[in-house]
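# Notes for the structure review
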Amino acid sequence: MGKLNIFQITFHNMADVFYPGTFVDGYVTVELTEPMKMKAIKLKFKGKALASWSEEKSKNLEVGDQSMNVSYDKDFKAKEKYFREEIILVGKESSESSEPTQLDTGRHTFPFKFQLPEGLPSSFEGKHGYVRYYVSCKIVKPMKFNENIKRMFSVISTMNLNSDPAYSQRCSGNKQKHLCCLCCKSGPITAQFSVERKGWVPGEIIKFYADISNGTRKNINKSYVTLIMKTTFHAKGKTKTKDHAVARVARRFIPPFGEDSWASEELVVPPLPPSFLGGCDIIDIQYELELGVEPAGFALDLKVPLPVVIGTVPLLAVIQQSPPMPPPAEQYGMAKGDAPPVSTDQVVLTPAIPPIPGLPEIAPPGHLECITGPVNIWDQEADVINGKGDLKYVPVYIFYNFGQKPAALPDELIAQGKLE
């Protein structure tokens, strides 16, 4: 690396997770093997959102006395900017005209502190858009390429399940379908599905119930319950919706004229962004818990969807009856490759949720990477093009310790919902 041996950004918050209105604080480490001339070291804080996709369109072109149908892609894009703040760590505001400064050999640390605005949406990475927050640092060199580093962090907006009585109410639904062929119609497949309440937080165990009756002469291959994240992107008066299966449990086949019941079956809510993505006007998130019944052959699955809400603050009844435990050690820790902390007095292992009036104090949640996995965060508007830092990023979300771990996604769900 030549003169520059270490160049990195470290947060005092070891989980890299922050809440709107709190401080993002830490330090930049620059370690040199020999003196370096520079015009400035600049630190930038940025929060932004993007919704973007293309749709294939067609139009008629008149060429002479002939008409041609031509296909083309039409782009839809919308942006939101939440904040952009720059701090000069070394040098002057106008680095272009200033005289170079020399930084001596050795390790240098530059502390920083920035307060996030209130009302920010939670971090999110999706197929057609994102909400991103990061800190970037640039060493401006005279007559040379600049050195750049970028570090992402996650913001979690509070979604209190106690804010709406509907979130504590039971949900239920039922459907039936006939399997048709050219000469006859079969008896129906019927399904009844219910869940004990609408509102949940990551780490909770959703208990649900289902009764399935196979009134046909064919096998039912399986029944399954899937938690689906439904994301809607908005741009130029248009919308684009993407469904992403984030958890699933399944049961055995049902023979002709047979029945099956799901009695108090369980599904652990994985680490996910809260419902609605409040604070963002171009991306909306909804969740459904869906019972599916797969008949043998070519018939479409019977599906019974129930809307659910994923929050960040559990219901009061849950806190009173079975409060969450402190998170296990593996749910927080120093990011790989970080420089040792300047002062352990400033280190925060896992941040507590901002207090909610009227609710008792509970153990802080752990924080886990989103179940959907990493995405490539390079984009054409990025401040760091050929700088240092990992271009793979996974948002981190709340995960309460109710004694369960999130199940890994089945391979077929990874293939169906892979973010590109």
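On a predicted model such as this, the values are computed, not experimentally measured, just so you know.

Per-residue confidence for the protein gives a mean pLDDT of 87; residues scoring 70 or more make up 86%. Note on residues 333–337: pLDDT is under 50 here. Beyond four places in sequence and across chains, it has 7 contacts. Here residues 380–386 scores under 50 on pLDDT; set against residues more than four positions off or in separate chains, the count is 15 contacts.

This part covers the sheet that holds strand β20 (residues 283–295). One open sheet accounts for 5 strands, arranged β15-β21-β20-β17-β18; its pairing is mixed. Both outer strands of the open sheet, β15 (199–200) and β18 (238–251), are each paired with one neighbouring strand and no more. With 13 bridges joining them, strand β17 (residues 220–235) and β20 adopt antiparallel strand pairing. Across the sheet, residue S223 finds its bridge partner in β20, namely V293.

Taken together, the side chains of K74, K77, K236 and K238 make up a positively charged region of the molecular surface. By the element assignment, K77 lies in strand β6 (residues 66–91).

What follows deals with the pairing of β17. When you tally the buried positions in β17, you get 12 out of 16 residues, the bulk of the element. Here β17 pairs with β18 via 13 bridges, running antiparallel. If you follow Y224 over to β18, its bridge partner there is A250. Where β17 folds back on β18, the antiparallel hairpin that results is connected by 2 residues, among which K236 adopts a positive phi of roughly 55 degrees.

Paired through backbone hydrogen bonds, the strands of a sheet run either parallel or antiparallel to each other. Reading across from one edge, β1-β3-β8 is the order of the 3 strands in this open sheet, with antiparallel pairing throughout. Edge positions in the open sheet fall to β1 (4–11) and β8 (106–115), since each of these has one partner strand only. The sheet shows a mean angle of 15 degrees between the axes of neighbouring strands, taken without regard to direction. Inspection of the sheet shows strand β3 (residues 23–32) paired to β8 by 10 bridges, in the antiparallel sense. When the sheet's bridge partners are listed, T29 is paired in β8 with T109.

Rules behind the numbers
- Residues numbered from 1 in each chain as written.
- Predicted model: local features only at pLDDT ≥ 70, side-chain atom pairs only at ≥ 80, totals over all residues.
- Heavy atoms only, no water.
- pLDDT = per-residue confidence, 0-100.
- Contact = heavy atoms within 4.5 Å.
- Pairing = 2+ DSSP bridges.
- Helix = DSSP H or I, 4+ residues; strand = E, 2+ residues; numbered from the N terminus.
- Patch = residues over 30% accessible without salt bridge, like charges linked within 9 Å, V, L, I, M, F, W, Y side chains within 5 Å.
- Areas by Shrake-Rupley, 256 points an atom, 1.4 Å probe, with all protein chains shown as cover.
- Salt bridge = Lys/Arg side-chain N within 4 Å of Asp/Glu carboxyl O.
- Lys, Arg positive; Asp, Glu negative; His and termini not counted.
- Charge placed at Lys NZ, Arg CZ, Asp CG, Glu CD.
- Buried < 20%, exposed > 50% of the residue type's maximum accessible area, 1.4 Å probe, protein only.
- Axes fitted to C-alpha atoms, helices over the stretch in contact; angles between N-to-C directions.

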